[in-house]
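Residue-level listing of the chains:
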Amino acid sequence: MLLSEFDYILPEELIAQRPSDKRDNSRMMVLNCDEHKILNKHFYDIVDLLDENCVLILNNTKVIPARLYGFKETGAKIEVFLLKEKNNKTWEVLIKPSKRVKVGTIIKISDELSVEVLEALPDDGKWLVRMIYEGDILDILHRVGNIPLPPYIERKMTNEELRKLDFERYQTVYAKDEGSVAAPTAGLHFTNEALEKLQAKGVQVGYVTLNVGIGTFRPVKCENVLEHKMDSEAFEITQETADLINRAKSEGKKIVAVGTTTVRTLETAFKQFGEIKACKSASELFIYPPYEFKVVDKLITNFHLPKSTLLMLVSALAGKDFIFEAYEEAIKEKYRFYSYGDCMFINS
């Protein structure tokens, strides 16, 4: 399977730079796989598309303000992007521009936070650093950090209005456990009202937690897709959610995953245990055609980048040809793409 098979051309003006005016006003393309039909709707229509035979599973991870801007003693501006906390105030990070730092470099973020560069890691541009601070790091990050928007969303960090917008809207309404450096963006469309309406219809709702890392969005660089290796991402499934899913599967109900991170959590757990169990584990699962799904039946997801592992995952669920037909339709109908964009419901 070749990487070039998952390429497409997207007009730049279709990359969403801001979220829709209201979360559930975003457009939603519905793919009815059995009938091979495409319908154009809005996200608030999801209430009409799910019923008591569906169980909705969402990723309740919470995004941390992981993008930091600071200066070296020389005055050079440096960006530090937090990836993963290791232990004892040490973190894996990305540094830009990395050529301006070396082991021992101190980057001052604010009066209450500095970063000391400890070593370059062998893993594709990552560094190990020590965070220098007193108190609670999450409290400090909320004061001095910025929401880690992907690079295709352009921002001038001096714009306080946009900064406030991103702090609110690049986070799901049900976000709970801080630990992600990117949002599970399919969930951004949900409102509390939509969840309440679904539950009133008899749709059961459960949550998993997968802390989204940079690896989910890193481009595949090898032409032979099978040579690509996913980064490890930690996840947790509670006993309550495990029981909900296992009971639903035994009753013949459909599992509706919200986002590719939820898919990877559930499919990884099944691969590890042969069923869904309460667990704390990690996923390195790479899903591409012709993957056979064991848990997930339907998927709510955004539109994904060309040549991405996420595009390969949705191609495995809906069929590659159908997905590319849908993307062609989405471009023609001027859907908004990527993190702040519109979404797709794969009704398989």
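What comes next concerns the included structure. (Residues numbered from 1 in each chain as written. Predicted model: local features only at pLDDT ≥ 70, side-chain atom pairs only at ≥ 80, totals over all residues. Heavy atoms only, no water.)

### Considerations on the nonpolar core
And then number 1: Ranked by internal contacts, the top residues of the largest apolar core, which has 68 residues, are Tyr170, Ile237, Leu266, Ile323, Phe337, Met344 and Ile346.
And then number 2: No other element matches helix 7 (residues 309-318), which puts seven residues into this core.
And then number 3: Excluding its chain neighbours within four sequence positions, the residues that come into contact with Ile323 are Leu31, Leu311, Val314, Ser315, Ala318, Met344 and Ile346.
And then number 4: By size, the runner-up hydrophobic cluster in this structure holds 26 residues, among which are Ile78, Ile95, Ile137 and Val144. (Core = buried A, V, L, I, M, F, W, Y, C linked by side-chain atoms within 4.5 Å. Buried < 20%, exposed > 50% of the residue type's maximum accessible area, 1.4 Å probe, protein only. Helix = DSSP H or I, 4+ residues; strand = E, 2+ residues; numbered from the N terminus. Contact = heavy atoms within 4.5 Å.)

### Focus on the pairing of strand 16 (residues 298-302)
And then number 1: Among the five residues of strand 16, five are classified as buried, and the element is accordingly described as predominantly covered.
And then number 2: The alternating pattern of strand 16 places Lys298, Ile300 and Asn302 on one face and Leu299 and Thr301 on the opposite face, and all of these are buried.
And then number 3: Examined bridge by bridge, strand 14 (residues 254-258) and strand 16 share three bridges and lie parallel to one another. Looking at the pairing, Ala257 lines up with Leu299 of strand 16.
And then number 4: By the bridge criterion, four bridges tie strand 16 to strand 17 (residues 343-347) in an arrangement that is antiparallel. Note that in strand 17 the partner of Asn302 across the bridge is Cys343. (Pairing = 2+ DSSP bridges.)

### Some words on the layout of surface pockets
And then number 1: Looking at the second largest pocket, its volume works out to about 490 Å³.
And then number 2: If you trace the second largest pocket, you find 24 residues lining it, with Leu83, Lys84, Glu85, Gly179 and Ser232 closest to the centre.
And then number 3: Elements that contribute at least two residues to the lining of the second largest pocket include exactly strand 6 (77-87), strand 7 (90-96), helix 2 (137-144), strand 11 (177-180) and strand 13 (233-237).
And then number 4: At three residues, the largest contribution of residues to the lining of the second largest pocket is made by strand 6.
And then number 5: Tallied by class, residues from the lining of the second largest pocket come to ten nonpolar, five polar and nine charged. (1 Å grid on protein atoms, 1.4 Å probe; cavity = no way out; pocket = protein on both sides within 12 Å on 5 of 7 lines; lining within 4 Å. Points joined across faces, edges and corners; volume = space filled by probe spheres on them. Nonpolar A, V, L, I, M, F, W, Y, C, P; charged D, E, K, R; others polar.)

### Describing the environment of Glu134
And then number 1: Here Glu134 is to be found in the loop between strand 10 (126-132) and helix 2.
And then number 2: Owing to a relative accessible area of 69%, Glu134 belongs among the exposed residues under this scheme.
And then number 3: Put simply, Glu134 and Val63 are 71 residues apart on the chain and 22 Å apart in space, counted from C-alpha to C-alpha.

### Points about the packing of aromatic side chains
And then number 1: Within this structure, the stated rule accounts for 13 aromatic pairs.
And then number 2: Ring geometry for Tyr152 versus Tyr338: centroids 4.8 Å apart, planes at 55 degrees, classification tilted. In this pair, Tyr152 sits in the loop between helix 2 and helix 3 (160-169) while Tyr338 sits in the loop between helix 8 (320-332) and strand 17, placing the two residues 186 residues apart along the sequence.
And then number 3: Looking at Tyr152, the relative accessible area reads 18%, which means it is buried.
And then number 4: Ring geometry for Tyr170 versus Tyr340: centroids 6.0 Å apart, planes at 90 degrees, classification edge-to-face. One end of the pair, Tyr170, is in the loop between helix 3 and strand 11; the other, Tyr340, is in the loop between helix 8 and strand 17, and 170 residues separate them in sequence. (Phe/Tyr/Trp six-rings, centres within 6.5 Å; stacked < 30°, edge-to-face > 60°.)

### Thoughts on the environment of Gln17
And then number 1: Its location among the elements puts Gln17 in the segment before strand 1 (27-32).
And then number 2: In this structure Gln17 comes out as partly exposed when scored by relative accessible area, which is 28%.
And then number 3: A polar atom in the side chain of Gln17 sits 2.9 Å from the backbone oxygen of Tyr152. (Polar contact = N/O pair within 3.5 Å; in protein donor to acceptor, adjacent residues only side chain to side chain.)

### A few points about the sheet that holds strand 15 (residues 279-283)
And then number 1: Strand order in the open sheet formed by nine strands is 2-1-17-16-14-3-12-13-15, with mixed pairing between adjacent strands. Each of the sheet's edge strands pairs with one partner strand only, and the pair in question is strand 2 (37-42) and strand 15. Ignoring which end each strand starts from, the neighbouring axes of this sheet average 25 degrees apart.
And then number 2: One ladder, built from three bridges, connects strand 12 (residues 204-210) with strand 13; its direction is antiparallel. What sits directly across from Val208, in strand 13, is Ile237.
And then number 3: Lying on the sheet, helix 6 (residues 260-273) is in contact with strand 3 (54-59), strand 12, strand 13, strand 14, strand 15 and strand 16; it crosses strand 13 at an angle near 75 degrees.
And then number 4: Sheet strands in contact with helix 7 are strand 1, strand 16 and strand 17, and its direction is about 150 degrees off that of strand 16. (Axes fitted to C-alpha atoms, helices over the stretch in contact; angles between N-to-C directions.)

What is shown is where atoms sit, not what they do.
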